[in-house]
Structure formats: structure tokens, C-alpha cells
Amino acid sequence: VTVTDERKAVMDFSDSYATGVQVVIVKEGSDVTLDNLGEKMIGTQRGTTGYIYTSDDYGDDHVTAYDTGASAVQALLNGQVDCVVIDSAPAEAFVAANAGLTILDTEYANEDYAIGMAKDNTALQEALNKALAELKADGTIQSIIDKYISAK
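We now turn to the structure provided with this report. (Residues numbered from 1 in each chain as written. Predicted model: local features only at pLDDT ≥ 70, side-chain atom pairs only at ≥ 80, totals over all residues. Heavy atoms only, no water.)

**Looking at the overall build of the protein chain**
We apply this condition: Secondary structure elements are defined from DSSP: runs of H or I of at least 4 residues count as helices, runs of E of at least 2 residues count as strands, and each element is numbered from the N terminus. Three labels apply to residues, based on accessible area from a 1.4 Å probe with only protein chains included: buried if under 20% of the type maximum, exposed if over 50%, partly exposed otherwise in between. In this description, accessible areas are obtained by the Shrake-Rupley approach with a 1.4 Å probe, and a residue is regarded as covered only by the protein chains that are shown.
Assigned secondary structure in the protein chain consists of six helices and eight strands. In the protein chain, the succession of α and β elements from N to C terminus is α-β-β-β-α-β-α-β-α-β-β-β-α-α. Taking the principal axes of the C-alpha coordinates as reference, the protein chain spans close to 50 × 35 × 25 Å. When the 152 residues of the protein chain are sorted by exposure, 36% land in the buried category. Surface summary for the protein chain: the accessible area is close to 8,500 Å², and the carbon and sulfur share equals 50%.

**Re unusual backbone geometry**
Notably, Asp120 is not glycine yet its phi reads approximately 65°, a positive angle. Residue class for Asp120 comes out exposed when judged on its relative accessible area of 67%.

**Some words on the nonpolar core**
Put simply, the test is: Only buried residues count toward a nonpolar core. Its members are Ala, Val, Leu, Ile, Met, Phe, Trp, Tyr and Cys residues joined through side-chain atoms within 4.5 Å. It only takes one pair of heavy atoms within 4.5 Å for two residues to be counted as in contact.
One finds Ile25, Leu76, Val81, Val84, Ile86 and Leu101 to be the most contacted residues of the largest nonpolar core, which totals 15 residues. Those elements giving two or more residues to this core turn out to be strand E2 (18–27), helix H3 (69–77), strand E5 (83–87) and helix H4 (88–97). If one sorts the elements of this core by residue count, H3 sits on top with four residues. Once you skip the residues sitting within four places of it in the chain, Ile86 turns out to touch Val21, Gln22, Val23, Ile25, Gly69, Ala91 and Phe94. In terms of nonpolar packing, the next biggest core, distinct from the first, is built from twelve residues, Leu37, Ile42, Tyr53 and Cys83 among them.

**Overview of the pairing of strand E7 (residues 109–113)**
Regular strands show a simple pattern: their side chains alternate between the two faces of the sheet. Under the convention used in this document: Strands were regarded as paired on the criterion that DSSP finds at least two bridges between them.
Side-chain alternation along E7 places Ala109, Glu111 and Tyr113 on a buried face and Asn110 and Asp112 on a face that remains uncovered. Where E2 meets E7, five bridges bridge the pair, whose relative direction is antiparallel. By the bridge assignment, Thr19 is partnered in E7 with Asp112.

**Some points on helix H5 (residues 122–137)**
Residue pairs three or four apart in sequence face the same way in an α-helix, which turns once every 3.6 residues. The following threshold applies: Multiplying one less than the number of residues by 1.5 Å gives the expected span of a helix.
For H5, with 16 residues, the first-to-last C-alpha span of 22 Å sits near the 22 Å given by 1.5 Å per residue. Backbone geometry just downstream of H5 places Gly139 in the positive-phi region, at approximately 90°.

**Thoughts on the pattern of salt bridges**
Going by this rule: The salt bridge definition used is simple: a Lys or Arg side-chain nitrogen within 4 Å of an Asp or Glu carboxyl oxygen.
Summed over the entire model, instances satisfying the criterion amount to four salt bridges. Between Arg46 and Asp67 there is a salt bridge, and its shortest N-O distance comes to 3.1 Å. Taken as a pair, Arg46 in the loop between strand E3 (42–45) and helix H2 (49–58) and Asp67 in the loop between strand E4 (63–66) and H3 lie far apart in primary sequence, 21 residues in all.

**A few points about the pairing of E5**
Burial of E5 is extensive: four of the five residues sit out of reach of the surface. Direction of pairing for E3 relative to E5: parallel, over a ladder of two bridges. Its bridge partner being in E5, Gly43 is matched across the sheet by Val84.

**Considering a negative patch on the surface**
Where we set the bar: Patch rule: a residue counts if its relative accessible area is over 30% and it has no salt bridge; like charges are joined within 9 Å, and nonpolar side chains (Val, Leu, Ile, Met, Phe, Trp, Tyr) within 5 Å. Working convention for charge: Lys and Arg count positive, Asp and Glu count negative, and His plus the chain ends are omitted. Every charge is mapped onto a representative atom, which is NZ of Lys, CZ of Arg, CG of Asp or CD of Glu.
A cluster of acidic residues, Asp5, Glu6, Asp56, Asp57, Asp60 and Asp61, forms a negative patch on the protein surface. Those elements giving two or more residues to the negative patch turn out to be helix H1 (5–8) and H2. Relative to the assigned elements, Asp60 resides in the loop between H2 and E4. For Asp60, a relative accessible area of 53% translates into the label exposed.

The following block contains the structure:
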């Protein structure tokens, strides 16, 4: 899961095993920037951290949630939204598959992925952190990220 301050209040986390990056997809030649994002209509995938972050930052009246990332990108292509905020790996795939789209150079948000657990379960937390350290050291985590998270 993504580690957030709200989640930290009700659960503990393992060490981070990966970092996610939220980016902004726009039409080529668009005037959308991170500085004026709050003045634009933002498309996101429903229930994702991109939706949570943009709704918190700019309010629900500036964010339209779609059932899939592909639907949000289609809305951008159709002119229904000015941009799409989504994880970098799918963003790269959507831009590669749709002429006329690009990703802003500046990242919208970085987030740590970790395993969530009940608060104060230190034995489980220590066991998970030990296992994660071993999986990082032998390259297993990176191979999983390369296979399932990377858009390349």
C-alpha cells in the first residue's frame, strides 16, 4: 500500500519496498503546468492515490474520476479534462500508445509503497523488514518491479 500520514495514524508499515511517482499527462502544446493545475480540470482513475492527492489539493470540483486510467486518458484526448494524474509507468505506456500526448517534466508526487499491518505488531514488522531486506539484497524485489511495474 501507499504510505500516507492518514494511514500512519491507524496502522504501522514495513520498510518501503518501492517508490511510486505520480505524473501529469497533457496534450502536446498544452498550457497546463504544476503551477496552474488547480485552475484546470484534472482526470484521474477512481480510488487511486492520484485521485486522493488531486482532490485534497484542488477540490472535487477540479477532479473527474474515471473507472480506468485508459478512460481518463480518453477523456483527455476528447477534451473533457485538461490533464491526467496517474502513476508514471502507465503514463509512459499511455503516451507511447496515443500520439499528441506528453508527460510534464516535473513529478506531481512521490510515494513510498510498504506493507501495512496493525499498530504495535513489532514482531511482524521486524520479520517483514528482515524478509524485505533479503529480497532487496538478492535482487528479487527489483526483478518483480521490472516485470510488473515498469512500462518498458
